[in-house]
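Structure at a glance
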Amino acid sequence: MLVCGCGRWMHTEGLDECLEGGDGKAWLVRSECRACRLLVGLEATPDEALALVDRLTWSDDARHVLERMPPYVAPLVRAEVEAYARVKGQRAVTMLLLGQARQGGAVAWASEAEQRLDNVPAPVRAMARMELERTAIERGEAEVTVALMEEVKARYFGMGAQKRDE
Ligand SMILES: [Zn+2]
């Protein structure tokens, strides 16, 4: 929590998860003192930034998506997403959380990727599925694609395989 120079708590006013020119590894938390109206911005890693968020806050990008929705849909989506955030214990509604909430919390699979997963030997399939979904979430991608599978496969299972072929 932040304390203003005037001695009062500062409250989260906004969150920018996609700083201009940034790589998504730093967020900007905007906090405001409601007594003297002092406004400060803190740039921090997502983990550190989350610690400064004192109430359920939509990131600028997520709010922008909500604002572009038709007026009769937006309040429903807002309620649905905020309920999801509470269930998940999240205070920041990011683009990733918005996507997860709208999909019921699961990462989607491109049908081609799903087919490929069926070819993975059963003993490692569950682990591969988990690893792929985790990687997609980390990157803010809403879907596991064949391209992502190829990349993860190369990283975990195929390392050196290509080199041996040379
Ligand atoms: Zn103040």
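Now for a description of the structure that goes with this document. Here the structure is a predicted model, which means the values were calculated and not measured. (Residues numbered from 1 in each chain as written. Predicted model: local features only at pLDDT ≥ 70, side-chain atom pairs only at ≥ 80, totals over all residues. Heavy atoms only, no water.)

Quick word on the pattern of salt bridges
Applied cut-off: For this analysis, a salt bridge means a side-chain nitrogen from Lys or Arg found within 4 Å of a carboxyl oxygen belonging to Asp or Glu. Strands here mean DSSP runs of E at least two residues long; helices mean DSSP runs of H or I at least four residues long; both are numbered from the N terminus. When accessible area is computed with a 1.4 Å probe and restricted to protein chains, residues below 20% of their type maximum are described as buried, those above 50% as exposed, and intermediate ones as partly exposed.
Overall, the coordinates contain eight salt bridges when judged by the stated rule. Here Asp60 and Arg30 are joined by a salt bridge, their closest N and O atoms 3.0 Å apart. Placement of Asp60 in helix α2 (residues 60-67) and of Arg30 in strand β2 (residues 27-32) is noted, with a sequence separation of 30 residues between them. For Asp60, a relative accessible area of 22% puts it in the partly exposed group.

Things to note about the packing of aromatic side chains
What counts is decided by this rule: Under the pairing criterion, centres of Phe, Tyr and Trp rings, with the six-membered ring standing for Trp, must be within 6.5 Å; the plane angle then separates stacked pairs below 30 degrees from edge-to-face pairs above 60, leaving the rest tilted. Either the NZ atom of lysine or the CZ atom of arginine qualifies as a charge over a ring when it sits within 6 Å of the ring centre and within 35 degrees of the ring normal.
A complete count under the given rule lists zero aromatic pairs for this structure. Sitting above the plane of the Trp109 ring, Arg129 keeps its charged end 5.0 Å from the centroid.

A closer look at the coordination of the zinc ion
The condition that has to hold: In this analysis a donor is any N, O or S atom within 2.8 Å of a metal ion (3.2 Å for sodium, potassium and calcium), and since water is not included, sites may seem incomplete.
The coordination sphere of the zinc ion contains the protein donors Cys4 (SG), Cys6 (SG), Cys33 (SG) and Cys36 (SG), at a distance range of 2.3 Å. Spacing between the donor residues of the zinc ion along their common chain follows C-x1-C-x26-C-x2-C. Given a relative accessible area of 37%, Cys6 falls into the partly exposed group.

Quick word on helix α4 (residues 95-102)
Quick reminder of the rule: Taking the helix axis as origin, the arc is that swept by the directions to the C-beta atoms.
The set of residues buried in α4 consists of Leu97, Leu98, Gln100 and Ala101. Axial view of α4: buried residues confined to an arc of 165°, hence all on one face.

Topic: the packing of helix α3 (residues 74-87) against α4
For clarity, the cut-off: Axes here mean lines fitted to C-alpha atoms, for a helix over just the part in contact, with angles spanning 0 to 180 degrees between N-to-C directions. Comment on the angle field: the value is read as roughly parallel under 35 degrees, roughly antiparallel over 145, roughly perpendicular from 65 to 115, and oblique elsewhere. We call two residues contacting when some pair of their heavy atoms lies within 4.5 Å.
Where α3 contacts α4, the two axes come as close as 9 Å, and the packing angle between them is 100°. One way to sum up the angle between α3 and α4 is to call them roughly perpendicular. Across the interface between the two elements, Val77, Glu80, Val81, Tyr84 and Ala85 of α3 pack against Leu97, Leu98, Gln100, Ala101 and Arg102 of α4.

Quick notes on the pairing of β2
Heads up, the rule is: At least two DSSP bridges between two strands are needed for those strands to be called paired.
Both strand β1 (residues 11-16) and β2 contribute to a ladder of five bridges, which runs antiparallel. The residue of β2 that forms the bridge with Gly14 is Arg30. Here six bridges tie β2 to strand β3 (residues 39-44), and the two strands are oriented antiparallel to one another. Within β3, the position partnered with Glu32 by the bridge is Leu39. Linking two consecutive strands that pair antiparallel, namely β2 and β3, is a turn of six residues; a positive phi of about 65° is found at Arg37 within it.

Examining the sheet that holds β2
Spatially, the three strands line up as an open sheet ordered β1-β2-β3, and their pairing is antiparallel. At either margin of the open sheet sits one strand with a lone partner, and together these are β1 and β3. Ignoring strand direction, the axes of neighbouring strands in this sheet form an average angle of 25°.

Observations concerning the nonpolar core
Put simply, the rule reads: Put simply, buried Ala, Val, Leu, Ile, Met, Phe, Trp, Tyr and Cys residues joined by side-chain atoms within 4.5 Å make one nonpolar core.
One finds Trp58, Leu66, Met69, Val81, Val93 and Leu98 to be the most contacted residues of the largest nonpolar core, which totals 14 residues. Of all the secondary-structure elements, those providing two or more residues to this core are α2, α3 and α4. By residue number, the principal contributor to this core is α3, which donates five residues. Core analysis: the second largest hydrophobic core is formed by 13 residues, Trp109, Ala128, Val144 and Val152 among them.

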